[in-house]
Every structure is written in structure tokens, then in C-alpha cells.
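# Residue-level structure breakdown
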Amino acid sequence: MSSSELHRVCHVSEIAEGTARGVGVGDRQLALYNIGGTFYATDDRCTHARAYLSEGFIEGDTIECPLHGGRFHIPTGQPFSPPVRVAVRAYPVQVIDEEIYVRITENEAERE
Ligand code: FES
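In this report, the structure presented in the accompanying data block is examined. (Residues numbered from 1 in each chain as written. Predicted model: local features only at pLDDT ≥ 70, side-chain atom pairs only at ≥ 80, totals over all residues. Heavy atoms only, no water.)

Right, let's talk about the sheet that holds strand β4 (residues 38-43) for a bit. Pairing within the open sheet is antiparallel, and its four strands lie in the order β2-β3-β4-β9. Each end of this open sheet is capped by a strand with a single partner; those strands are β2 (20-25) and β9 (90-91). In this sheet, β9 lies alongside β4 in antiparallel orientation, the contact comprising two bridges. Looking at β9, one finds that T42 is bridged to A90. (Pairing = 2+ DSSP bridges. Helix = DSSP H or I, 4+ residues; strand = E, 2+ residues; numbered from the N terminus.)

Turning our eyes to something else, we now look at the packing of aromatic side chains. Inspection of the entire model under this criterion finds zero aromatic pairs. When the ring centre of Y52 is taken as origin, the NZ or CZ atom of R45, which lies over that ring, is 4.3 Å away. (Phe/Tyr/Trp six-rings, centres within 6.5 Å; stacked < 30°, edge-to-face > 60°. Lys NZ or Arg CZ within 6 Å of the ring centre and 35° of its normal.)

A few words on unusual backbone geometry. That bond from P82 to P83 is cis: its omega, 5°, falls within 30 degrees of zero. Locating P83 in the fold gives a position in the loop between β8 (79-81) and β9. If you check the backbone angles, R50 has positive phi at about 70° while not being a glycine. Of note, the phi angle at E98 is positive, near 70°, even though the residue is not glycine. A residue is classified by how much of its surface remains accessible, and E98, at 48% relative accessible area, is partly exposed. (Buried < 20%, exposed > 50% of the residue type's maximum accessible area, 1.4 Å probe, protein only.)

On to the nonpolar core. In terms of nonpolar packing, the biggest core is built from 14 residues, with V9, L30, L32, I100 and V102 touching the most fellow members. Contributions of two or more residues to this core are made by β1 (2-11), β2, β3 (28-35), β4 and β11 (99-107). A per-element tally of this core places β11 first, with three residues. Sequence-distant contacts of V9, that is, excluding residues within four places in its chain, are made with V23, V25, L32, I100 and V102. Core analysis: the next-biggest nonpolar cluster, separate from the first, contains 13 residues, A20, I35, C46 and F72 among them. (Core = buried A, V, L, I, M, F, W, Y, C linked by side-chain atoms within 4.5 Å. Contact = heavy atoms within 4.5 Å.)

As C-alpha cells, this is what we get:
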């Protein structure tokens, strides 16, 4: 079974174009990105050695991890260059009345 919920994370003015910031949603830490006025969200922790992607460097539609320089494709979370090999989870984002919302689907099987 799974359930899906929309979570408000911040106002569009709180994240400048071309930047990322970390946001907490429940017990998750997400990285929120503004690329050319479109917003994206992924898990904030790198799948390689758990550095914070929100402290990394955006290049085009990729984020470079600040620790070892691995890169992920922001819209999909897919690994883009070594040493990262495992995708980071990407979340659907919606903007409603200038507020940014992230949709988080919880799978029962995911819970520990
Ligand atoms: Fe991100 Fe190593 S912790 S590439």
C-alpha cells in the first residue's frame, strides 16, 4: 500500500534562480532547486557518502555533490557522473499561489 501527500515547503521567493536549499519535510531532508524558474526536489543526502546536495553546485540541470564531485540529473535523480552510481530520489513539485509543494509518496514497504 502507498499514500501520497502534498507538503508545503516554502514560498517561491525563498529560493533564488540557479540555487538549491535544504528543507525539512517531516523526517525527510530534501534539496529544493530552482532551475530557470522551474522547481525540483530530491533527497538532500548524496547516495555515495551522504553529503548534502543542497550545498553542491548546480550546472545546467545537474547538481554536483560538494564532497567528491559526483553529479546527479536533478529532474530525475539519476546518477550522471562517478563516483555516484545509485540514483537519489526525486519528488514531484507543484507551485500553487507562489507556494512550493512537494508530493511525497510513502510506501509501506519503505518504512523501517
Ligand atoms: Fe557525494 Fe561522494 S558524497 S559524491
